[in-house]
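Fold and geometry: a report
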Amino acid sequence: MTELLQQLINGLALGAIYALIALGYTMVYGVLRFINFAHSDIFMVGAFAGYYLSRVAPQASVTAGVFVLLGSMAICALLGVIIEKLAYRPLRGRSTLTALITAIGVSLLLQNLGQRVFGANPKSFPVLFPQHYFQFDSGLVIASTQILVFVVTIVLLFSLRHIVLKTRIGTAMRALSFNPTAASLVGVNNDRVISFTFALGSALAAAGGILYASNYPSIDPLMGTLPGLKAFVAAVLGGIGNIAGAAVGGLVLGLVETTVVALGGSTYRDAVAFAVLILILLLRPNGLLGKRQAEKV
Amino acid sequence: MIQPRIRILAAALAGLALLAGCSKSGSDDSAKPADTIKVGEFASLTGKEATFGQSSHKGTELAIEELNAAGGLLGKKIEFVYEDNRSTPGESATIAKKLITRDRIVALLGEVASGRSLEAAPIAQASQIPMISPSSTNPKVTETGDYIFRVCFIDPFQGRLLAQFAKKTLKAGKVAVFSDVSAPYSVGLAQFFRESFLADGGQIVSEQKYTGGDKDFKAQLTAIKSTNPDAIMVPGYYTDVGLIVAQARQLGIKVSLFGGDGWEAPELMQIAGAAALEGTYYSTHFSPESTEPLAQKFVADYKAKYNGEVPDAMAALGYDSVMVLADAIKRAGSTAGPKVRDALAATKDFPGATGATTLDAKRDATKPAVIITVKDGKFQYVETIAP
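For clarity, every value in this text was computed on a predicted model and none was experimentally measured.

Criteria and cut-off values
Residues numbered from 1 in each chain as written. Chains lettered and ligands numbered in written order. Predicted model: local features only at pLDDT ≥ 70, side-chain atom pairs only at ≥ 80, totals over all residues. Helix = DSSP H or I, 4+ residues; strand = E, 2+ residues; numbered from the N terminus. Expected span 1.5 Å × (residues − 1). Buried ≥ 20, exposed ≤ 12 C-beta atoms within 10 Å, placed from the backbone. Contact = placed C-beta atoms within 7 Å. Pairing = 2+ DSSP bridges. Axes fitted to C-alpha atoms, helices over the stretch in contact; angles between N-to-C directions. Nonpolar A, V, L, I, M, F, W, Y, C, P; charged D, E, K, R; others polar. Right-handed = clockwise from strand over helix to strand, strands pointing away. Parallel < 35°, antiparallel > 145°, perpendicular 65-115°, else oblique.

Let's shift gears to helix H9 (residues 225-238) of chain A. Three- or four-residue spacings in an α-helix give side chains the same orientation, since the helix completes a turn every 3.6 residues. All names here are of chain A. For H9, with 14 residues, the first-to-last C-alpha span of 20 Å sits near the 20 Å given by 1.5 Å per residue. Listed as buried for H9 are Pro227, Gly228, Lys230, Ala231, Phe232, Val233, Ala234, Ala235, Val236, Leu237 and Gly238. Those residues of H9 that are buried are in contact with helix H1 (2-32), helix H2 (39-53), helix H8 (190-215), helix H10 (243-262) and helix H11 (269-283). After H9 finishes, the residue Gly239 shows a positive phi value of roughly 110°.

If you want it as structure tokens, here you go:
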């Protein structure tokens, strides 16, 4: 019983991280109908930004942790805006395939630049937030970093919903997503809204990077690839473009992976994750929560 | 729009032509009778196992420098050509090919990871270029052919001594094994450990697997925990092992974790944290605390060259791989592949930093191993186990 509960916690904690990364994917897609494959590398830059910021912050205190988290989110938001300006804006109006290939190019650029600038060797990520393990008599253990991931994911999920549904810029995002030409005709500044979307998406990626690195404290310039792909699967699983769907997709994927490993199939872990993607595309191309169009960003 | 594209294309073509020109003149150069002896090395200088590659490379470099300072080999200086395989599969074979065909090396040195040595070995064998692996311990490496040697012990011995260690020192009757399916080193060491441990009457209560580069091991560790082992054997490489040890402690696993020479890196301490590593053990080839005069001299020379850095086992084996090769070339009186091979095969009691090296009929070295533990936040020598 304890083992089952512990595996459930392991799976949910892993899933919450996937959900957090998937949020950024799904939001950019929801507004622009564009899959930003460089998202997973902004996630990596977020982790490295945290690594370098933590050197100026005192270790393992809540204020320092929040400072590093917000600082890294700001740096990545800026990076996202720059990437959009330099790489995606000149291609706006071209086919989606062009933008998609450019995104892959940006992803490779960030990976290789990362190897050059940060070095290719794995670095150990410092302890940002005070760590504590909650031990129960039955042997069940929950780490404070796992709880933190949950809290941050839920907070970001609801703030994102609030921004998209309740604010002026959110209304503009939805208008743009509905019809860019019509939006600009009624006075929406499309460039500004798209920049904002990328800033928001990249900040989410940075938050994901910091929390991922806090849970798995070994970071390297290629660290984004696999979690990025898994988060993409999670986004599609939940219904890409759907914010709540990303969260559900992430949790389901985390639980599926943990179940596979717990049943002794650890070598099939990634294979099963991608088989889930294929299955969902075959059986329910809109994803688990993909039906309700009104929920789309 | 078309004009600049054509210009770019033209520039690219010109660049290609230039490159082709370069490589041609390069091969012309090496066709001339060489006035140096070229020794090649492929190493993981960056990437996942960079610490291994760097240490081994530094030891190798030190040895070549010392030999050149003493007048070189056969009256010629040694020229050292090396390349980085970024710790990734698929690079080492290409590098070995390039070093042999283009740079015309007389012998190939490398690697630490058995998987990557296994990639390069068939190429050295086919070209009749002797290859010495400093620290690949999987038996398959030298089974590739009669041109492939190593200067370290092999995993059947390491697995056996770890089994003895678990039984005698740790007093463990029930052990869980957690191995990396993507590394031949890890799979082999786990298998040899299992055979010896079962033969000794031990019990293996759980066998879990991971893939090198994974970050989340909690699911497997939770499954291991539920079987209540007395100790957990993790025959992996330090980047993964660091995360495994940290996550095991997070899950409240208090028993000893232990493994092989893949653990030996200062990064292990940074990734896992000293507290989590307390009471873990690993076996390796060399301890800088050794009192042997040659080992002492090596440690002093290494410290002098690399700003006081203390050498680890990989550095010592890198150093010894060059010294064993140099000794064979001297005895052969030639750099021709077959002659050097025969001389290498006849290596007997060659004194080096890691002790006396004798290469047996299978071209493997038989050497004692040392056990290291983490105590009070430091790596500490425990004991030496003779073969």
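From this point on, the discussion continues.
What follows covers the sheet that holds strand E6 (residues 174-180) of chain B. Hydrogen bonds along the backbone pair up the strands of a sheet, which may run parallel or antiparallel. All names here are of chain B. Taken in spatial order, the 7 strands line up as E7-E6-E8-E9-E10-E13-E14 in an open sheet, and their pairing is mixed. Whereas interior strands pair on both sides, the edge strands pair on one side only; in this sheet they are strand E7 (203-210) and strand E14 (378-385). Direction aside, the axes of adjacent strands within the sheet are offset by 25° on average. Strand direction decides the pairing type here: strand E9 (residues 256-259) and strand E10 (residues 281-284), joined by 2 bridges, are parallel. Bridged to Phe258 within E10 is Tyr281. The strands touched by helix H7 (residues 184-199) are E6, E7 and strand E8 (231-233); relative to E6, the strand with the most contacts, the crossing angle is about 165°.

The partner chain A presents 22 residues to the 27 residues of chain B that form the contact. Counting only elements with at least two residues in the side of chain B that touches chain A, the list comes to E7, helix H8 (218-225), helix H9 (238-250) and helix H10 (266-272) of chain B. Taken together, the residues of the side of chain B that touches chain A break down into 8 nonpolar, 12 polar and 7 charged.

All right, on to the pairing of E7 of chain B then. Remember that side chains alternate between the two faces of the sheet whenever the strand is regular. Residues and elements named next belong to chain B. Examined bridge by bridge, E6 and E7 share 7 bridges and lie parallel to one another. Paired with Val175 across the bridge in E7 is Ile204. In this fold, the crossover linking E6 to E7 by way of H7 has right-handed handedness.

With that settled, consider the sheet that holds strand E2 (residues 77-84) of chain B. All names here are of chain B. Within the open sheet, the 5 strands sit side by side as E2-E1-E3-E4-E5. Their pairing is parallel. Because the sheet does not close on itself, it has two edges, and the strands there are E2 and strand E5 (148-150). Adjacent strand axes in the sheet meet at a mean angle of 25°, parallel and antiparallel pairs treated alike. Relative to E5, strand E4 (residues 131-133) runs parallel, the two sharing 3 bridges. Looking at E5, one finds that Met131 is bridged to Ile148.

So, about the packing of H1 of chain A against H8 of chain B. Look at H1 of chain A against H8 of chain B: their axes get within 9 Å of each other, and the N-to-C directions meet at 170°. As the angle between them shows, H1 of chain A and H8 of chain B are arranged roughly antiparallel. For the pair H1 of chain A and H8 of chain B, contact is made by Glu3, Gln6, Gln7 and Asn10 of chain A and by Lys218, Ala219 and Thr222 of chain B, respectively.

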